[in-house]
Amino acid sequence: MCKADIMIDGKKLCEVPVIVDNMGGKSLDITNFRKETGYITYDPGFGNTGSCRSSITYLDGEKGLLQYRGYPIEDLVENCDFVEVAYLLVHGYLPTVKERKKYADLLNENSLIHPQMRNFFRNYPDNAHPMSILAAMVVSLQPFYPEIDLAEDPEKQMDLNVTRLLSKMRTIAAFTYRKIAGMEFVNPNSKYSYCENFLNMMFSSPVKEYVPNPIHIKALNKLLILHADHEQNCSTTAVRLIGSSEANLYAAVSAGICALWGPKHGGANQAVIEMLEQILESGESLTKIVERAKDKDDPFKLMGFGHRVYKTYDPRAKIARKMCDEVLADLGTSDPLLELAEQLEDIALHDPYFVERNLYPNVDFYTGIIFRAMGIPTNMYTVMFALGRLPGWIAHYLEWNHDPYEKIGRPRQLYTGPQTKKILPIEERT
Ligand code: CMC
C-alpha cells in the first residue's frame with residue numbers, strides 16, 4: 001500500500017495510507033492521525049474531506065460529469081422514468097419489467113396517509129412555508145408507519161419501507177400545496193403513474209377532472225431524475241449524519257429536508273425565480289445586477305450561480321436549460337424570465353469575476369422556469385427538489401447503515417472560547 005509522509009518543520013511526523021478510489025481519486029487516510037500525532041485536521045465546510053465510502057453517485061466537478069451507479073445523468077434523463085432511477089439508486093441496478101411493476105404496485109398500495117395525519121395540515125397557518133410542513137409531516141410518519149424489521153425478508157421489507165416513504169412523501173407534498181392554496185385534498189389514484197399521480201393530487205378540481213398532460217409528466221420525470229442524487233451535499237450529509245446515530249429513516253430524511261430548505265442549497269430554485277421576477281418588475285439593468293453580485297459590501301449574490309464542487313458548467317443546468325426551450329415550445333408558450341435568465345448568464349459568463357472564480361449556472365438556475373411552466377407555485381419549488389432527492393437520501397441512509405466502516409458522525413473543532421475560568425461570587429462579578 002502506498003503511504004504519504006506528513007512533515008512538520010522538515011521533520012517526519014507520521015506516515016498515512018494513500019487510498020485510490022474506483023475512478024482514480026486519491027485521498028490520505030487520516031483515521032489514526034490524531035491518535036498517532038495529537039494533531040487534528042481543519043477543513044471548514046468539509047470542502048476537502050471525504051466523509052465516507054460510497055458507491056451511489058460519481059461526480060467530477062472539473063469535467064462536469066455526474067453518474068448514478070455508473071450511468072451518466074444525460075442517459076438516465078433520456079431513457080428512464082423517475083421510479084426506475086429511484087430503484088437504481090436504492091438497489092444499485094436498474095429494475096427488470098417484473099421488478100418495475102412490483103415497485104409500481106407497492107407505490108400505489110402505500111400512497112395514502114393516515115386520516116389522523118390529515119388533521120395535522122389544518123392547524124398550519126396559511127402562510128406557512130411548504131418546506132416546514134413537509135419536514136414536520138415526514139418525521140410524523142414514524143409513529144404511524146414504524147419501519148419494518150428487515151430481519152425476516154430483507155429485500156421484501158426494504159422495498160416496503162422505501163416505497164412507503166417515496167409514495168407517502170409525494171402525497172404529503174401535494175397535500176401541502178392544497179392546504180396552502182385552501183383547497184380540499186385529492187387522494188392518490190392507482191390508475192396513475194408516480195408523476196401523474198402527483199400532478200393529479202396537485203391540480204384536480206371538483207369541477208374539472210384532471211387530464212394528464214404528457215408534456216408535464218415527461219418534464220416532471222426528467223426534473224426529478226436531475227435532482228435524485230448528488231453525493232455528499234449538505235442535505236445528504238445531514239441525512240447520513242442523523243442516520244449515523246441510528247435515528248430512524250423518517251427522522252433522517254426530515255433533517256435532509258430542513259438542510260435543503262436554505263437558499264445556498266435547494267432553496268436557491270425559489271430564490272432564482274424571485275430574483276428574476278424582481279429584476280423584471282424593477283427594470284434594473286442586468287449589468288448593474290452583476291455588479292451588485294460582485295460587490296463584497298452588498299450581501300446580494302447571483303442566485304443559481306456557483307457551486308462547491310462544479311468548476312465548470314453543472315451538467316444538470318445544461319439539461320435544464322435545454323428542457324426550458326423544449327417544454328415551453330411543446331406547451332406553445334413563452335416566459336420573459338427565460339430570456340432574462342439567458343441574458344444574465346451571458347453577461348456573467350463573460351465577466352472576469354465569474355470567469356476567475358469558475359462560477360457557472362447550477363441546477364437551480366433554470367429548473368424554476370420549467371416548474372413555472374407546469375403551473376407549480378414558486379414556494380413549492382424546493383419541495384419539488386426534495387421529492388426528487390428522496391431516493392438519493394434513502395440510498396445514502398441505507399448505505400451508511402450497512403457499511404461496517406461507518407461510525408457515528410462526530411467531527412472535532414478548533415476551540416476559540418476562553419481558557420479555564422473560576423466562578424466569582426455573584427456580588428464580585430462586574
Ligand atoms: N454570486 C456572486 N459571487 C459568488 C457566487 C454567486 N452566486 N457564488 C460564489 N461567489 C464568490 C464568493 O463570493 C467567493 O468569492 P471570493 O473568492 O472573492 O471570496 C467565491 O465566489 C467562491 O465562493 P464560495 O462562497 O467560497 O463557494 P462555496 O463553495 O462556499 O459556495 C455556493 C457555493 C453554492 C453556496 C455559492 O456559490 C452560492 O451561494 N451560490 C448562490 C446560491 C445557489 O445558487 N445555491 C445552489 C447551489 S446548487 C444546488 C445544490 O445542489 O444545492
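Note that the structure is a prediction, hence the values are computed from the model and not measured.

What about the nonpolar core?
Here is step 1 of the chain: Counting residues in hydrophobic clusters, the biggest one holds 117 residues, and the most contacted among them are Tyr68, Leu134, Met169, Leu276, Leu302, Leu344 and Ile369.
Here is step 2 of the chain: Take this core: its biggest share by element is twelve residues, from helix H18 (residues 381-402).
Here is step 3 of the chain: The residues that make up this core include at least three from each of domain 2 (65-262 + 382-402) and domain 3 (268-373).
Here is step 4 of the chain: Excluding anything up to four places from it in sequence, Ile369 contacts Ile273, Leu276, Cys324, Leu328, Asp335, Leu337, Leu338 and Ala341.
Here is step 5 of the chain: Listed in part, the five residues of the second largest apolar core include Cys14, Val16, Val18 and Phe33.

Some thoughts on the pattern of salt bridges
Here is step 1 of the chain: With the rule as written, the count across this model stands at 18 salt bridges.
Here is step 2 of the chain: Between Asp159 and Lys102 there is a salt bridge, with the nearest N and O atoms lying 3.7 Å from each other. With a gap of 57 residues between them, Asp159 in helix H7 (residues 154-180) and Lys102 in helix H4 (residues 97-109) connect regions that are remote in the sequence.
Here is step 3 of the chain: Overall, the relative accessible area of 43% leaves Lys102 in the partly exposed class.
Here is step 4 of the chain: A salt bridge links Lys294 to Glu291; the shortest N-O distance between them is 3.0 Å. Residue Lys294 and its partner Glu291 are located together in helix H13 (residues 286-294), separated by three residues, close to a single helical turn.
Here is step 5 of the chain: Linked by salt bridges that have partners in common, Asp5, Lys12 and Glu15 make up one network.

A word on helix H6 (residues 130-144)
Here is step 1 of the chain: End to end, H6 covers 21 Å across 15 residues, agreeing with the expected 21 Å (1.5 Å per residue, within 8%).
Here is step 2 of the chain: Every buried residue of H6 is listed here: Pro130, Met131, Ile133, Leu134, Ala135, Met137, Val138, Ser140 and Leu141.
Here is step 3 of the chain: On its buried side, H6 packs onto helix H5 (115-122), H7, helix H11 (249-261) and H18.

Quick word on the domain arrangement of the protein
Here is step 1 of the chain: Taken domain by domain, the protein consists of domain 1 (3-41), domain 2 (65-262 + 382-402) and domain 3 (268-373).
Here is step 2 of the chain: Computed over C-alpha atoms only, the centres of domain 1 and domain 3 are separated by 40 Å.

Some points on the sheet that holds strand S6 (residues 71-72)
Here is step 1 of the chain: Taken together, three strands build an open sheet; the order of strands is S4-S5-S6 and the sheet is antiparallel. Unpaired on one side and paired on the other, strand S4 (57-60) and S6 mark the two borders of the sheet.
Here is step 2 of the chain: In the sheet, S4 pairs with strand S5 (residues 65-68) via four bridges, with the strands oriented antiparallel. Each bridged residue has a counterpart across the sheet, and for Leu59 the counterpart in S5 is Leu66.

Observations concerning the site of the ligand
Here is step 1 of the chain: His265, Leu302, Gly304, Phe305 and Arg308 are the nearest of the 21 residues found near the ligand.
Here is step 2 of the chain: In the environment of the ligand, an oxygen atom lies 2.7 Å from a nitrogen or oxygen atom belonging to the side chain of Arg308.
Here is step 3 of the chain: In the environment of the ligand, a nitrogen atom lies 2.9 Å from a nitrogen or oxygen atom belonging to the side chain of Tyr353.
Here is step 4 of the chain: Coverage of the ligand by the protein chains reaches 75% of its 930 Å² of free accessible surface.
Here is step 5 of the chain: Of the residues assigned to the shell around the ligand, the class counts are nine nonpolar, five polar and seven charged.

Regarding the packing of aromatic side chains
What describes a pair of aromatic rings is the distance from one ring centre to the other and the angle between the planes of the rings.
Here is step 1 of the chain: Tallying each qualifying case throughout the model produces 16 aromatic pairs.
Here is step 2 of the chain: With centroids separated by 6.4 Å and ring planes inclined at 40 degrees, the aromatic side chains of Phe33 and Tyr39 adopt a geometry described as tilted.
Here is step 3 of the chain: Its relative accessible area of 10% is what places Phe33 among the buried residues.
Here is step 4 of the chain: Ring geometry for Phe121 versus Phe185: centroids 5.2 Å apart, planes at 70 degrees, classification edge-to-face. Of the two residues, Phe121 is situated in helix H5 and Phe185 in the loop between H7 and helix H8 (194-203); the sequence distance between them amounts to 64 residues.
Here is step 5 of the chain: By relative accessible area, Phe121 is classed as buried at 0%.
Here is step 6 of the chain: Given a relative accessible area of 17%, Phe185 falls into the buried group.
Here is step 7 of the chain: Here the aromatic residues Phe305, Tyr353, Phe354, Phe365 and Tyr366 are joined through ring pairs into a cluster of three or more.

Criteria and cut-off values
Numbers given to residues run from 1 along each chain, matching the order in which its sequence is written. Where local features are concerned, this predicted model is filtered to residues with pLDDT of at least 70; where side-chain atom pairs are given and counted, the filter is 80 or more; whole-chain, interface and lining totals use all residues. Note that the side-chain values use all heavy atoms of the structure and ignore hydrogens as well as water. Nonpolar core, defined: a set of buried Ala, Val, Leu, Ile, Met, Phe, Trp, Tyr and Cys residues in which side-chain atoms within 4.5 Å join the residues together. Only protein chains enter the accessibility calculation, which uses a 1.4 Å probe. A residue is then buried if its area is under 20% of the maximum for its type, exposed if over 50%, and partly exposed in between. Helical segments are the DSSP runs of H or I of at least four residues, strand segments are the runs of E of at least two, and each set is numbered from the N terminus. What marks off one domain from the next here is an automatic or database domain assignment. The contact definition used throughout considers only heavy atoms, calling two residues in contact when any of these lie within 4.5 Å. A pair is scored as a salt bridge if a Lys or Arg side-chain nitrogen falls within 4 Å of a carboxyl oxygen belonging to Asp or Glu. Each residue after the first adds 1.5 Å to the expected span of a helix. Whether two strands pair comes down to DSSP finding at least two bridges between them. Near is defined per residue: the residue qualifies when any heavy atom it owns lies within 4 Å of the molecule or strand. Polar contact is the term for a pair of N or O atoms within 3.5 Å; when the atoms are in protein, one must be able to donate a hydrogen and the other to accept it, and sequence-neighboring residues count only if both atoms are side-chain atoms. In these tables, accessible area is a Shrake-Rupley quantity obtained with a 1.4 Å probe, and a residue counts as shielded only by the protein chains included in the view. Amino acid classes used here: Ala, Val, Leu, Ile, Met, Phe, Trp, Tyr, Cys and Pro are nonpolar; Asp, Glu, Lys and Arg are charged; the rest, including Gly, are polar. When the centres of two rings from Phe, Tyr and Trp lie within 6.5 Å, Trp using its six-membered ring, the rings pair. Their planes under 30 degrees apart give stacked, over 60 give edge-to-face, and anything left gives tilted.

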